[in-house]
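Listed below, chain by chain, are the residues.
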Amino acid sequence: MPRPISATVHLSALHHNLKRVRDRVSCTNSKIWSVVKANAYGHGLAHVWRYLEKTDGFALLDLNDAVLLREQGWQKPILLLEGFFKTEDLTLIDHYNLTTVVHSDWQLAALENAKLKKPVEVYLKLNSGMNRLGFPCEEAHKIWQRAKQIANIKHITLMSHFANAAHNGNIDNEYRFIQQNCQSIPADCSSLANSAVILWHPSVYTSPINNLLNNNLSHFCHWVRPGIMLYGASPNGQVQTIKDLGLRPAMSLHSELLAVQTLKAGDTVGYGSHYRANEPQRIGIVACGYADGYPRNAPTGTPILVEGVLTKTLGAVSMDMLAVDLTLCPHAQVGSIVELWGNHLPIDNVAMAAGTISYELMCALSARVPVSFIADGE
Ligand SMILES: *Cc1c(COP(=O)(O)O)cnc(C)c1O
């Protein structure tokens with residue numbers, strides 16, 4: 001028998017969550033890039049993309065993933081969120097008809113000099129304060145003018161990514177800054193909204209980026225870029241968001257108890273003896289550790305389900321095992337089912353307890369964990 005740990009991807013949840021995003025943006029002239037970078041947030045791009053095929057396009061980072069989607073039959077748009085990494089990537093962009101972010105001067109120069117079969121669709125990335133990728137907002141007009149002159153560029157969309165849409169919730173200044181710098185640009189398309197913006201800042205995708213000059217919404221198109229929502233988790237870790245929106249978790253992680261121990265008062269658990277029992281206590285040992293992608297720094301008290309009962313982890317997470325309190329689960333025994341996260345235990349709650357975000361837990365699911373893909377809701 002293999003180790004009892006396994007992950008399940010609920011394919012219909014992806015389809016459902018995309019529909020919820022669609023409902024939410026449907027009152028606007030918005031199209032949807034479903035973000036499937038990092039192997040579809042750890043869910044397995046090759047297996048899951050068909051359950052998101054009602055999307056208008058897929059956004060990702062790696063050319064190999066774009067080629068995979070094309071070879072598996074996806075014909076609609078694909079956006080390279082970090083653009084191209086080397087000039088020679090333009091050959092594949094041309095061949096596979098990919099849309100590319102352009103965030104740097106060298107990329108514009110490469111486009112100026114390239115010999116392509118046909119012009120490419122471009123997203124001009126503006127830096128609105130994240131200070132990772134993008135042209136300074138103040139140069140938006142100048143960059144637009146330059147890009148407009150480039151014969152290899154077909155259509156230009158203005159794009160930016162907010163640093164604080166999920167965290168302190170205030171992006172007004174950043175957004176105003178973008179608008180001010182874009183007001184003289186005759187763009188008919190923008191893309192500013194990740195999940196947090198879709199959820200909490202709808203004005204960003206319901207009005208044109210160059211608002212002050214061009215109020216004609218009917219000709220304006222916004223491409224929203226949901227990622228984490230599609231997988232049924234919240235950008236700010238608050239599980240209420242998911243409930244309010246009716247999003248469904250796309251991934252669950254299960255294992256089993258390998259052993260049961262009865263501690264005496266004063267006994268300790270795991271490396272470093274971080275947990276010490278004050279009284280006699282039954283504990284279970286779960287076949288799941290940090291080498292499976294469970295966060296090593298999850299402290300004592302991280303929520304976990306044993307036979308459907310909510311309990312907590314105890315002591316340090318090891319490479320292949322972790323310990324759980326069985327006080328509330330007297331019937332639990334070797335072979336009892338453990339849910340690390342999933343339909344009955346939100347991944348957001350586990351991430352929160354471990355001081356991280358659901359994104360990291362999903363992406364960190366390790367290659368040694370077998371994944372099954374199921375098409376129904378449960
Ligand atoms: C990852 C990413 C997204 C999706 O973000 P979520 O918070 O998962 O919705 C959107 N835009 C860009 C540029 C990204 O890199």
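Residues numbered from 1 in each chain as written. Predicted model: local features only at pLDDT ≥ 70, side-chain atom pairs only at ≥ 80, totals over all residues. Heavy atoms only, no water.

A. The arrangement of the pattern of salt bridges in detail. Within the structure shown, the criterion is met by 10 salt bridges. Across the pair Arg146 and Asp105 runs a salt bridge whose closest N-O atoms are separated by 3.2 Å. In this pair, Arg146 is assigned in helix α7 (residues 140-148) and Asp105 in helix α6 (residues 105-113), connecting sequence segments 41 residues apart. According to the relative accessible area criterion, Asp105 is partly exposed, its value standing at 46%. Among the salt bridges present, the one from Arg146 reaches Glu112, with a minimum N-O distance of 3.1 Å. Of this pair, Arg146 sits in helix α7 while Glu112 sits in helix α6; the two residues are 34 residues apart in sequence, bridging distant segments of the chain. (Salt bridge = Lys/Arg side-chain N within 4 Å of Asp/Glu carboxyl O. Helix = DSSP H or I, 4+ residues; strand = E, 2+ residues; numbered from the N terminus. Buried < 20%, exposed > 50% of the residue type's maximum accessible area, 1.4 Å probe, protein only.)

B. Highlighting the site of the ligand. Near the ligand there are 13 residues, and of these Lys37, Tyr41, Ser195, Ile228 and Tyr359 occur at the shortest range. For the ligand, an oxygen atom lies 2.5 Å from a polar atom in the side chain of Ser195. Between the ligand and Ile228 there is a distance of 2.8 Å, counted from an oxygen atom to a backbone nitrogen or oxygen. Surface burial for the ligand is 92%, taken as the share of its 390 Å² of free accessible area covered by protein chains. Looking at side-chain class alone, the shell around the ligand contains seven nonpolar, four polar and two charged residues. (Near = heavy atom within 4 Å. Polar contact = N/O pair within 3.5 Å; in protein donor to acceptor, adjacent residues only side chain to side chain. Areas by Shrake-Rupley, 256 points an atom, 1.4 Å probe, with all protein chains shown as cover. Nonpolar A, V, L, I, M, F, W, Y, C, P; charged D, E, K, R; others polar.)

C. Inspection of the UniProt feature "binding site: substrate" (unreviewed entry) in the protein at higher detail. Sequence positions flagged by UniProt for "binding site: substrate" (unreviewed entry) are, in local numbering, Arg132 and Met319. In terms of the greatest pairwise C-alpha distance, the residues named above, spread along 188 residues, do not form a single cluster, extending to 33.3 Å across. Looking at the secondary structure, you find Arg132 in the loop between β6 (120-127) and β7 (135-136). On the accessibility criterion, Arg132 (58% relative accessible area) is exposed. Here Met319 shows up in the loop between β16 (309-314) and β17 (322-325). In this structure Met319 touches Gly289, Tyr290, Ala291, Asp292 and Arg368, once residues within four positions along its chain are discounted. (UniProt positions renumbered as here; feature names shortened; annotations may be inferred. Contact = heavy atoms within 4.5 Å.)

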